[in-house]
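# What the coordinates show
Spelled out from the first residue to the last, the chains are:
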Amino acid sequence: MTSAKLPDANYINGQWVKSGTELLSVRNKYDQSLLSEVPKASMAQMETAIVSSQKGFQQMKAWSAGKRSEKLYQLKDLLHQEAEFFAQLISAEAGKPIQYARGEIARCQTTLEFAAAEALRFSGEAIPIDFAAGEGRTALTRRFPIGPIAAISPFNFPLNLALHKIAPALAVGCSIVLKPSPYAPLTALAFAGLIEQVGYPEGAVNVLMCDIPVAEKLVRDDRMHMLSFTGSPKVGWHLKEICGKKKVTLELGGNAAVVVDHTAKLEEAAHKIAVGAFLYAGQICISTQRIYVEQAIFDRFIPLLVAEIEKIQSGNPADEAILNGPVIDKAHFKRIASWVEAAQKEGAKVLTGGTAIEADRFVYAPTLLTATRNEMKVVSEEVFGPVAIVEAVADFDAAIAAVNDSQYGLQAGVFTNSVDHMKQAHNELEVGGLMINNIPGFRVDSMPYGGVKSSGFGREGLRYAMEEMTEPRLLVY
């Protein structure tokens, strides 16, 4: 039997605080039943969190690598014991298909394990200066934690994306103040209960829900030495403008593209692309949104892709057969439908979908459009819903140009069996990561992850985030 409980309080300075400015009702995203009510933290409570984070850092930075690693392994073990509770909670509050939610919890355990291992081997470097003015001298660097981290995480991976901030911070000895998404705050708050069980210092980790002005206090405050944000580009770039001199990592959105060339295995590509576009209603920042297919194979590929899309089951995310569940809320559901309708009015054609399946539960059909133009929002913006576009391109050069014709550049996929095309794509695609014979949504939690252009700033992935959260200090003797 699980010992974890649905949280109804914020975790501030090692205490569960049930007071606040008002209550936030957190509901099941499919049936809208009430899961819990969480208080929104006040300005004074955020001040308490910041002060406690400073004190927590003073203790954390003195911990040995061995102790930091041991605590992370303990967190992993506790999460393993509570895995089904957390998976069910993610499925309920974030609307994530239960099988995918279980996959997130498995990834969370891996994230903690990576962090625990990296804590033991993370170090500086020896600097070669034994020449000219440096002859006979030795130089080396050690990496030191920079201080308290301000973190803001999104709803779509309510625990693993929070852990991509919490785990590296704890691995290097930084304290952290996390504000989770108001759509799905319960999972991160429940994880704070595991932090409490492991026995971190008061203030080492604060998790609190709050409104925008209180969150901006956290972002602006000079006592926080870094901002780590995952969310929309509009919000992320605004926060970068107001955060002052602190370090910043932004993991933002995109309209991820895939290319299918004439050498690709079409059946395999069609299956992977269908899943990559419509898993979790497309609410993943590296969901496949734009599909470019060489003209020579376009007519063969389209029926394969449509057939794979029409196999996808939609509905209640608690059902293990469901891949496409509800959109996170009514406003986003209406926005997605309006973008599809606008594209149709401007000449786009619906190859499949284009309708609501359960409008009262915000379930929208997996939708594939063609005959689109770049100025349409379904092409140029991030849909963050179960909508993709597919277009024919003359050749591979044209495909590269089409992918790059975007303000975003997070990850891309190329289905090819041509080594030349693989090399060309790696050299020319303006993205942070390239997946060969796979969808843009592929991610292993240890790899460097981040985008270019409007898609982000800096890199996550355990070791890379640990580098962001530390500074090298040089010693010469």
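Up top you'll find the structure we're talking about.
Description of the structure in this document.

Reading the values: rules and limits
Residues numbered from 1 in each chain as written. Predicted model: local features only at pLDDT ≥ 70, side-chain atom pairs only at ≥ 80, totals over all residues. Heavy atoms only, no water. Helix = DSSP H or I, 4+ residues; strand = E, 2+ residues; numbered from the N terminus. Buried < 20%, exposed > 50% of the residue type's maximum accessible area, 1.4 Å probe, protein only. Contact = heavy atoms within 4.5 Å. Areas by Shrake-Rupley, 256 points an atom, 1.4 Å probe, with all protein chains shown as cover. Lys, Arg positive; Asp, Glu negative; His and termini not counted. Charge placed at Lys NZ, Arg CZ, Asp CG, Glu CD. Pairing = 2+ DSSP bridges. Polar contact = N/O pair within 3.5 Å; in protein donor to acceptor, adjacent residues only side chain to side chain. Core = buried A, V, L, I, M, F, W, Y, C linked by side-chain atoms within 4.5 Å. Expected span 1.5 Å × (residues − 1). 1 Å grid on protein atoms, 1.4 Å probe; cavity = no way out; pocket = protein on both sides within 12 Å on 5 of 7 lines; lining within 4 Å. Points joined across faces, edges and corners; volume = space filled by probe spheres on them. Nonpolar A, V, L, I, M, F, W, Y, C, P; charged D, E, K, R; others polar. Patch = residues over 30% accessible without salt bridge, like charges linked within 9 Å, V, L, I, M, F, W, Y side chains within 5 Å. Salt bridge = Lys/Arg side-chain N within 4 Å of Asp/Glu carboxyl O. Phe/Tyr/Trp six-rings, centres within 6.5 Å; stacked < 30°, edge-to-face > 60°. Axes fitted to C-alpha atoms, helices over the stretch in contact; angles between N-to-C directions. Parallel < 35°, antiparallel > 145°, perpendicular 65-115°, else oblique. Left-handed = near helix turned anticlockwise from the far one by under 90°.

## Here's the deal with the overall build of the protein chain
- A count of helices and strands for the protein chain gives 15 helices and 24 strands.
- With the C-alpha coordinates of the protein chain rotated into their principal frame, the extents come out at 65 × 65 × 40 Å.
- Among the 477 residues that make up the protein chain, the fraction classed as buried is 58%.
- When contacts within the protein chain are restricted to residue pairs at least 6 apart in sequence, long-range pairs at least 24 apart make up 73% of them.
- For the protein chain, the accessible area works out to roughly 18,900 Å², and carbon and sulfur atoms hold 52% of it.
- The average position of the 47 basic charges and that of the 53 acidic charges among the side chains of the protein chain differ by 6 Å.

## Description of the pairing of strand 20 (residues 411-415)
- Taking burial as the measure, the 5 residues of strand 20 include 5 buried ones, the bulk of the element.
- Of the two faces of strand 20, the one lined by Gln-411, Gly-413 and Phe-415 and the one lined by Ala-412 and Val-414 are each fully buried.
- Note that strand 12 (residues 257-260) and strand 20 share 4 bridges and pair parallel. Along strand 20, the bridge assignment pairs Val-260 with Phe-415.

## Remarks on the side chain of Gln-283
- Here Gln-283 lies in the loop between helix 9 (266-278) and strand 13 (290-294).
- Since its relative accessible area comes to 1%, Gln-283 is described here as buried.
- Among the polar contacts made by the side chain of Gln-283, one reaches the main-chain amide nitrogen of Ile-328 at a distance of 2.9 Å.
- Look past the residues within four positions of Gln-283 in its chain and what remains in contact with it is Phe-155, Asn-156, Pro-326, Val-327, Ile-328 and Phe-384.

## Observations regarding the nonpolar core
- Counting residues in hydrophobic clusters, the biggest one holds 72 residues, and the most contacted among them are Leu-75 and Tyr-200.
- When near neighbours in sequence (up to four residues on either side) are disregarded, Leu-75 contacts Leu-112, Leu-170, Phe-191, Leu-194, Ile-195, Val-198 and Tyr-200.

## Some thoughts on the sheet that holds strand 24 (residues 470-476)
- Read from one edge of the open sheet, 3 strands run 5-6-24, paired in antiparallel fashion. Of all the strands in the sheet, the pair left with one neighbour each is strand 5 (126-127) and strand 24.
- Where strand 5 lies against strand 6 (residues 139-145), 2 bridges are found, and the strand directions are antiparallel. The residue of strand 6 that forms the bridge with Ile-127 is Ala-139.

## Some remarks on helix 9
- Compared with the 18 Å implied by 1.5 Å per residue over 13 residues, the 18 Å span of helix 9 between its first and last C-alpha is a close match.
- Along helix 9, the positions that sit buried rather than exposed are Leu-266, Ala-269, Ala-270, Ile-273, Ala-274, Gly-276, Ala-277 and Phe-278.
- In this structure, the buried residues of helix 9 make contact with strand 12, strand 13, helix 10 (295-309), strand 17 (367-370), strand 18 (387-393) and strand 20.
- A positive phi of about 55° marks Tyr-280, the residue just after helix 9.

## Digging into the layout of surface pockets
- Estimated volume of the largest pocket: approximately 1,000 Å³.
- What lines the largest pocket is a set of 43 residues, among which Tyr-183, Phe-229, Gly-231, Ser-232 and Val-235 lie closest to the centre.
- Counting only elements with at least two residues in the lining of the largest pocket, the list comes to helix 7 (212-220), strand 10 (226-230), helix 8 (233-242) and helix 11 (330-345).
- In terms of residue class, the lining of the largest pocket is made up of 23 nonpolar, 11 polar and 9 charged.
- Space inside the second largest pocket adds up to approximately 390 Å³.
- Forming the walls of the second largest pocket are 23 residues, and the residues nearest its centre are Tyr-100, Arg-107, Ile-284, Gly-441 and Phe-442.
- When contributions to the lining of the second largest pocket are tallied by element, the ones reaching two or more residues are helix 4 (98-121), helix 5 (160-172) and helix 9.
- Among the residues making up the lining of the second largest pocket, the classes are represented as 11 nonpolar, 8 polar and 4 charged.

## Some thoughts on a nonpolar patch on the surface
- Taken together, the side chains of Val-419, Met-422 and Ile-436 present a nonpolar region at the surface, about 230 Å² in accessible area.
- Looking at the element boundaries, Met-422 is found in helix 14 (residues 419-428).
- Classification of Met-422 as partly exposed rests on a relative accessible area of 35%.

## Remarks on the packing of aromatic side chains
- Taken as a whole and assessed by the stated rule, the structure comprises 9 aromatic pairs.
- Pairing Trp-63 with Tyr-200 gives two aromatic rings, centres 5.6 Å apart and planes at 25°, and the pair type is stacked. Of this pair, Trp-63 sits in the loop between helix 1 (43-60) and helix 2 (65-81) while Tyr-200 sits in the loop between helix 6 (186-198) and strand 9 (205-207), and the two are 137 residues apart along the sequence.
- Exposure remark for Trp-63: the relative accessible area of 12% places this residue in the buried category.
- With a relative accessible area of 9%, Tyr-200 lands in the buried category.

## A closer look at the side chain of His-421
- Among the structural elements, His-421 can be located in helix 14.
- Excluding residues that lie within four positions of it along the chain, His-421 makes contacts with Asp-261, His-262, Glu-294, Phe-396 and Thr-416.

## Concerning the environment of Asp-329
- The residue Asp-329 is located in the loop between helix 10 and helix 11 in this model.
- Owing to a relative accessible area of 17%, Asp-329 belongs among the buried residues under this scheme.
- Remark: the alpha-carbon pair of Asp-329 and Ala-270, spanning 59 residues in sequence, is separated by 29 Å.
- Setting aside residues no more than four positions away along its own chain, Asp-329 makes contact with Tyr-183 and Phe-362.

## Re the pattern of salt bridges
- The tally for this structure, following the rule as stated, stands at 21 salt bridges.
- The shortest N-O distance in the salt bridge between Arg-102 and Glu-320 comes to 3.2 Å. One end of the pair, Arg-102, is in helix 4; the other, Glu-320, is in the loop between helix 10 and helix 11, and 218 residues separate them in sequence.
- A residue is classified by how much of its surface remains accessible, and Glu-320, at 47% relative accessible area, is partly exposed.

## Overview of the packing of helix 1 against helix 7
- It is the contact of helix 1 with helix 7, at a shortest axis distance of 10 Å, that shows an interaxial angle of 25°. The angle between the axes of helix 1 and helix 7 places the two elements in the roughly parallel class. When the axes of helix 1 and helix 7 are compared, the crossing they make is right-handed. Where helix 1 abuts helix 7, its residues Met-43, Met-46, Glu-47 and Ile-50 lie against Pro-213, Val-214, Lys-217 and Leu-218.
- Of the residues assigned to the contact of helix 1 with helix 7, the class counts are 6 nonpolar, no polar and 2 charged.

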